[in-house]
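So you can see what is in the structure, the chains are spelled out below.
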Amino acid sequence: MQQQTNNKPKTLNLLQLFRGLAAIAVALFHVDQLTNEKFNAVYFFDIFKFGWSGVDYFLVLSGFIIIYTQHQNLLQRSFTRFKSFLLKRFVRIYPIYWLATLGILLFLLLIPGFKNNTPLTLSSTIQSFLLFPQQQAPILNVGWTLILILFFYLIFSLNYILPRRFYLAIIAIVLLGSTSQFISAFAISPAEYPRWGLVFNSLNLEFLFGCIAAYIVLNYSLHYRRTIFFLGLGSLLLFSYLQTYGVINEVNIINLFGIDFTINRTIFSGIPCFFLVMGAASIDIKNGVEIPKIFTYFGDASYSIYLIHSPVISALVQLSLKLKLNEAINNYFILGSLIAIISIGISCIFYDLIEKPLTKYLRKQLVPRKTSPS
């Protein structure tokens, strides 16, 4: 993630740091979740139940990165840019996702009970591989977020080929429809209507938050950047823990003027992530922050961590139950931490040996060299 200023690249280390922390937080969330479900125990006082908010950070960051890297080309209609943009996104998302999904299918054959009892059909399997919205969850459970991200990429790519008025009309429809989901009477169930639930999902607004953050950072020098940063980080942790310990619900219904409004994670996590991303990026651009390479490394490996950790954690939990390691160790903080460390370690190995070289090779083979990097 770089900005070209006087031909000198600017690395956004803080954003990269939090990208890695977000991936690790999601992994710890799944450790906590499976410790509760499979061991009927508590992992480290349940403090990592807030880890789901790492997903909201990824969605906001996705919107930020696209505008930050593509802002110089936004007004240029070009089929070449349209194709190049989608090719880069394809290379970034699909090959690694396919490998991870294939790994899960292998575990389904080798480890009974590795997945839930939802039957796999040819249709659901194909749709999982293509990341198409469907009533059944993807084979790789974190795939639901990739479906949202791919939809955002597709909508953004139309900027390069559609006349401005048509494109703005599409954006307006998607945003108005997504905003309408805060009104309970208009709410669409993604499980019941997966395609409409994708197009009109309130989480789509988190991409908008990231786009707005990028626009502000690129066009204005924020004087209170540290205050904005800590406001975002503090409010994210506050709302996450309020929800974790039941002070507020995942979905809250508020009646105003006789109308039921739905308040969900888009408000509780998306808005704090907006301030966090905007503040961190502004600090990086203005002052620059030196971050130890080990932390930026986790940011680089975040996609592999995000994809690989869940099936590995599930497999390790099943193995622990089979070998009765939970009874032998008899300390769920130690057991959960070992599972987390091993899963993140395997994810990092996957990044070094597979994701990094494969993505580099595919970009070299498929993406035209004359286009600007993004």
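## Brief notes about the packing of aromatic side chains
- This structure, assessed with the given rule, holds 31 aromatic pairs.
- Centroid distance Phe152 to Phe207: 4.6 Å. Interplanar angle 5°. Geometry classified as stacked. Taken together, the residues Phe152 in helix H5 (residues 143-157) and Phe207 in helix H8 (residues 204-219) connect sequence positions 55 residues apart. Neither residue differs from the other here; Phe152 and Phe207 are each classed as buried.
- What links up through ring pairs into an aromatic cluster is the set Tyr43, Phe44, Phe45, Phe48, Phe50, Tyr241, Tyr245 and Phe333.
- Above the ring of Phe85, the side-chain terminus of Arg89 is found at 4.6 Å from the ring centroid.
- The aromatic ring of Tyr153 is capped on one face by Arg89, whose charged end is 5.6 Å from the ring centroid.

## Looking at helix H3 (residues 79-110)
- Given a rise of 1.5 Å per residue, 32 residues ought to cover 46 Å, and the 46 Å separating the end C-alpha atoms of H3 matches this to within 8%.
- Bending of H3 peaks at approximately 30° at the position of Phe90.
- N-capping of H3 is provided by Ser78, with a side-chain oxygen placed 3.3 Å from the backbone N of Thr80.

## Re the environment of Phe29
- You can see Phe29 is positioned in helix H1 (residues 13-38).
- For the pair formed by Phe29 and Lys49, sequence separation is 20 residues and the distance between their alpha carbons is 5.2 Å.
- Contacts of Phe29, omitting those with residues within four sequence positions, involve Phe48, Lys49, Gly51 and Trp52.

## As for the pairing of strand S4 (residues 259-263)
- Both strand S3 (residues 252-256) and S4 contribute to a ladder of five bridges, which runs antiparallel. For Ile254, the partnering residue across the bridge sits in S4 and is Phe261.
- Linking S3 back to S4 in an antiparallel pair, the connection comprises two residues, with Phe257 at a positive phi of about 55°.

## Details of the nonpolar core
- Leu15, Tyr57, Phe64, Leu131, Leu146, Tyr153 and Leu307 are the most contacted members of the largest nonpolar core, which has 96 residues in total.
- The dominant element in this core, judged by the number of residues it contributes, is H1, at twelve residues.

## Regarding the confidence of the model for the protein
- The share of residues in the protein with pLDDT of 70 or more is 94%, and the mean pLDDT across the chain is 91.
- Low pLDDT, under 50, characterises residues 1-9; the predicted model gives this stretch 20 contacts beyond four residues in sequence or across chains.

## What to know about unusual backbone geometry
- Of note in this structure, Phe44 is not a glycine but carries a positive phi near 50°.
- Within the secondary structure, Phe44 sits in the loop between H1 and helix H2 (53-70).
- By relative accessible area, Phe44 is classed as partly exposed at 31%.
- Even without being glycine, Leu131 reaches a positive phi, approximately 60°.
- Positionally, Leu131 belongs in the loop between helix H4 (122-130) and H5.
- Residue classification places Leu131 among the buried residues on the basis of a relative accessible area of 4%.

Procedures and definitions
- Residues numbered from 1 in each chain as written.
- Predicted model: local features only at pLDDT ≥ 70, side-chain atom pairs only at ≥ 80, totals over all residues.
- Heavy atoms only, no water.
- Phe/Tyr/Trp six-rings, centres within 6.5 Å; stacked < 30°, edge-to-face > 60°.
- Helix = DSSP H or I, 4+ residues; strand = E, 2+ residues; numbered from the N terminus.
- Buried < 20%, exposed > 50% of the residue type's maximum accessible area, 1.4 Å probe, protein only.
- Lys NZ or Arg CZ within 6 Å of the ring centre and 35° of its normal.
- Expected span 1.5 Å × (residues − 1).
- Bend = angle between axes of the 7 residues up to and from the residue.
- Polar contact = N/O pair within 3.5 Å; in protein donor to acceptor, adjacent residues only side chain to side chain.
- Contact = heavy atoms within 4.5 Å.
- Pairing = 2+ DSSP bridges.
- Core = buried A, V, L, I, M, F, W, Y, C linked by side-chain atoms within 4.5 Å.
- pLDDT = per-residue confidence, 0-100.

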